[in-house]
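Results of the structural survey
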Amino acid sequence: MSIAPEPVAGARTNLAGMLVVPATIFVAIGLIGPVAILFRYSLNQFVPGQFMVDGLTIENYVKFFTDGFYLNVLWRTVRVAVICTIICLIMGFPLAYVLARTESRFKNLLIMLVVLPLFVGNAVRAAGWMTAFGSKGALNASLMGLGVIDQPLEIMFTETAVIIGIIAVNLPFMVLTLQSVIEGINRNVEEAAFSLGAGPAAMFRRVLWPLAMPGILAGTILTFILAMNAYATPVLLGGPKFQTMGPLVYGQFAQQNNWPFGGAISFILMTATLLLTIAANLIVQRRYR
Amino acid sequence: MARLSIEHLRKVYGEFTAVDDCSIDIADGEFLVLLGPSGCGKTTTLRMVAGFIQPTAGKITIGERDVTTLPPWKRNCGLVFQSYALFPHMTVAENVAFGLEMRKIAPADRAPRVTEALRLVRLTGLDERYPRQLSGGQQQRVALARALAIEPDVLLLDEPLSNLDAKLRQEVRVEIRDLQRKLGLTTIMVTHDQEEALTMADRLVVMEKGMVRQIGTQRELYEKPADRFVAGFIGRSAFLDGAMAEAGRFRSGGGLDISCKATASGPATLALRPERLAIGADAEACANRFPARVEHVSYLGALLDIDVRLTEQDRILLQVPNRPGAAEPKPGDMITIGWAEDAGLVYPREAKA
């Protein structure tokens, strides 16, 4: 009679390891590879007419950081992303809270409604807005027809248009992230705070906000990254005058054929996103731990 | 501490009446238990007192204050939840100090009150721990300390012991009761656990389907249950369905004539406490004596539970002491059982259609 334990746990661990492999390979091939190649390109030289010359230079990066135009694009992108993220948080939290706490039998339907905007592609939605908010669009035509305004409102091709557009895309991500975290907070904890004399504002500040912090972090990181890297929305709603980093990268690759500089801008965008995210994380963690 | 009065409280959700015309007066320092099966309205009643549910009608007064429309944060009720509901991101001391902080008490003045509250629940020295580092029993005591620290007018306990294991439950039960007496806390506890209710309460309120069935001490509820539901819910009862033949005589569905101290008429149910029944020689002196066939015997150590059948329709549960040397009845045995005239309680019954 054998008393050796069956290697159930070991077998399971191996299986779990196996299951991780496809995702790992996918990430390695689909992300790390191209990024590494891109980084290598960004150190190459661009000679007009010769496309790309192998080299090891930081001149592409120097070009970016010494030219006011590019710095301005970076600053504008960060500003838009920060504003979008903050507005998403302010608008998304109450919505997420209601969704998390509702006992309505239509809850799943409500969640579907939140996700609904994502069913429409960015480009399609932005095209719709172009017709709605253009100087001869439905909104301006209505307002002018009613005599509310005598000059068309300049909505299209402004920072406001881009911000509204990005918020519309990002809000569902913020809401869903927050909702799942708020659902995990025991309702009794809020009630305990109330019974101990905390009004709604104090309860929110001392209990709900800190307990929802993991969701707030995840949601803001997600929406911030999406906003920093937005492409279709700024192109269609911002137009050629309102450049952000995403379209700038694309332009260097597709229109200027300047791959080294495109690679450098890509890297600057990625690094800026990463640094700002880490910085926000550190600040929040110091505040709430 | 203060007295608490609930007058004609009512809560209706659409078609469903959760609590119907509930009136309870709780004396200063009294420990009152709301007892009933799940869905009976006891938790709804407690939550209306706490201020989480707005009553449809009725009035709640704490001391001299009408709190019916006040939000929970203005009621000064100490609340302990079944799930403890500690703030997971705060230490034990911060949890207990929370109510004091909300009352704008200076940090320096909070500390001694936190220490005192933790001393009361015997948790001295765990101030800096986080809830997740504590056992269930310890978390429960932190929740209690947190509720006590605000010096509440009323202490509300919502099934506070349900998440503890059986042995700990016994301990905490005694602890809460001692503390409640010592501090003279006006307390309402909600529970579905009968034993818990009986051992802790000064008075009990038995609720069913949103209605208060009976309010009384343990003895009153057990000796004089107000209706069939209470008779079956508090302790055990065997029920015989039948009708009153005349004043003082009940006729069971199986045709037994039973003398009782009741004057009602019409369809009725006779309730008998299993331990008020006698068997064999002990039954000789009883006013009601019937032959019975033993159907099932459960050996419970000090006691025997015996299911007997009197007639085709009449079955009864007996509980008799397990005497050494006495012959234990076996299923199929014929025995004589008996009970006194005043042992059977008669409740009117809706005739079955």
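Whatever comes next refers back to the structure up there.
Report on the accompanying structure. (Residues numbered from 1 in each chain as written. Chains lettered and ligands numbered in written order. Predicted model: local features only at pLDDT ≥ 70, side-chain atom pairs only at ≥ 80, totals over all residues. Heavy atoms only, no water.)

Secondary structure summary: chain A contains twelve helices and two strands in total. Reading the helices (α) and strands (β) of chain A from amino to carboxyl end gives α-β-β-α-α-α-α-α-α-α-α-α-α-α. For chain A, the C-alpha radius of gyration of 24 Å lies well beyond 19 Å, the compact-globule estimate for 289 residues. Projected onto its principal axes, the C-alpha positions of chain A cover 75 × 75 × 35 Å. The buried share of chain A, reckoned over its 289 residues, is 42%. The contacts of chain A with a sequence gap of at least 6 include a subset with a gap of at least 24, amounting to 69%. Carbon and sulfur atoms make up 70% of the accessible area of chain A, which amounts to about 16200 Å² in all. The centroid of the 17 positive side-chain charges in chain A is displaced by 5 Å from the centroid of its 11 negative side-chain charges. (Helix = DSSP H or I, 4+ residues; strand = E, 2+ residues; numbered from the N terminus. Rg over C-alpha atoms; globule rule 2.2 N^0.38 Å. Buried < 20%, exposed > 50% of the residue type's maximum accessible area, 1.4 Å probe, protein only. Contact = heavy atoms within 4.5 Å. Areas by Shrake-Rupley, 256 points an atom, 1.4 Å probe, with all protein chains shown as cover. Lys, Arg positive; Asp, Glu negative; His and termini not counted. Charge placed at Lys NZ, Arg CZ, Asp CG, Glu CD.)

This part takes up the overall build of chain B. A tally of helices and strands in chain B yields eight helices and 20 strands. Once the C-alpha set of chain B is aligned to its principal axes, its extents read approximately 75 × 50 × 30 Å. Accessible surface, chain B: about 16000 Å² in total, of which carbon and sulfur atoms supply 50%. Looking at charge distribution, chain B has the averaged site of its 45 positive side-chain charges lying 2 Å from that of its 47 negative ones.

So, on to the nonpolar core. In this structure, Phe64 and Met245 of chain A together with Phe87, Phe98 and Leu156 of chain B are the most contacted members of the largest nonpolar core, which totals 97 residues. Among the elements that line this core, the one with the most residues is helix H3 (residues 68-101) of chain A, at 13 residues. When neighbours within four sequence positions are excluded, Phe87 of chain B is seen to be in contact with Val189, Ala192, Ala193, Leu196 and Val207 of chain A together with Asn95, Phe98, Pro131 and Arg146 of chain B. Ranked by size, the runner-up nonpolar core spans 45 residues in total, among them Leu134, Leu144, Ala147 and Leu157 of chain B. (Core = buried A, V, L, I, M, F, W, Y, C linked by side-chain atoms within 4.5 Å.)

Looking now at the packing of aromatic side chains. All names here are of chain A. Scanning all chains against the criterion turns up 16 aromatic pairs over all chains. Considering the side-chain rings of Phe93 and Phe204, the 5.2 Å spacing of their centres and the 85° angle between planes classify their relative orientation as edge-to-face. One end of the pair, Phe93, is in helix H3; the other, Phe204, is in helix H9 (residues 200-228), and 111 residues separate them in sequence. According to the relative accessible area criterion, Phe93 is buried, its value standing at 6%. Owing to a relative accessible area of 31%, Phe204 belongs among the partly exposed residues under this scheme. (Phe/Tyr/Trp six-rings, centres within 6.5 Å; stacked < 30°, edge-to-face > 60°.)

What follows is about the sheet that holds strand E7 (residues 154-158) of chain B. Residues and elements named next belong to chain B. Spatially, six strands are ordered E6-E7-E8-E3-E9-E10 in an open sheet, and the strand pairing comes out mixed. What marks the edges here is a single partner per strand, and that holds for strand E6 (77-80) and strand E10 (211-216). Strand-to-strand twist across the sheet, computed as the mean angle between neighbouring axes with direction ignored, equals 20°. Pairing geometry for E7 and strand E8 (residues 187-191), over four bridges, is parallel. Residue Leu155 lies in a different strand from E8, and its bridge partner there is Thr187. (Pairing = 2+ DSSP bridges. Axes fitted to C-alpha atoms, helices over the stretch in contact; angles between N-to-C directions.)

Contacts between the two partners involve 18 residues from chain A and, on the opposite side, 21 residues from chain B. Summing the contributions of chain A and of chain B, the shared interface buries around 1700 Å²; its carbon and sulfur component is 67%. At the boundary of chain A and chain B, one finds two salt bridges. Here Glu191 of chain A and Arg47 of chain B are joined by a salt bridge, their closest N and O atoms 2.6 Å apart. (Buried area = accessible area lost by both parts, 1.4 Å probe. Salt bridge = Lys/Arg side-chain N within 4 Å of Asp/Glu carboxyl O.)

Before going further, it helps to examine a nonpolar patch on the surface. All names here are of chain A. Taken together, the side chains of Phe106, Leu109, Leu110, Met112, Leu113, Leu116, Leu118, Phe119, Val120 and Val124 present a nonpolar region at the surface, about 920 Å² in accessible area. When residues in the nonpolar patch are grouped by element, the largest group, four residues, is from helix H4 (residues 107-115). Residue placement: Met112 occurs in helix H4. (Patch = residues over 30% accessible without salt bridge, like charges linked within 9 Å, V, L, I, M, F, W, Y side chains within 5 Å.)

The strands making up a sheet associate through backbone hydrogen bonding, with each pair oriented either parallel or antiparallel. Residues and elements named next belong to chain B. Here we have five strands laid out as an open sheet, ordered E15-E19-E16-E17-E18, and antiparallel in their pairing. The strands lining the two open edges of the sheet, one partner per strand, are strand E15 (278-279) and strand E18 (315-321). Taken together, the six bridges between strand E16 (residues 288-299) and strand E17 (residues 303-309) define a ladder with antiparallel strand orientation. Bridged to Arg293 within E17 is Arg309.

Moving on to the pairing of strand E9 (residues 203-208) of chain B. Walk down a regular strand and you will see the side chains alternate between the two sheet faces. All names here are of chain B. In terms of residue burial, E9 counts as a mostly covered element, since five of its six residues are buried. Summarising the sheet, strand E3 (residues 31-35) and E9 pair through four bridges and their orientation is parallel. Of the residues in E9, the one forming a bridge with Leu35 is Val206. Bridge count for E9 against E10 is five bridges, and the pairing is antiparallel. When the sheet's bridge partners are listed, Met207 is paired in E10 with Val212. Hairpin remark: E9 followed by E10, antiparallel, with two residues in the connecting loop; positive phi at Lys209, about 50°.

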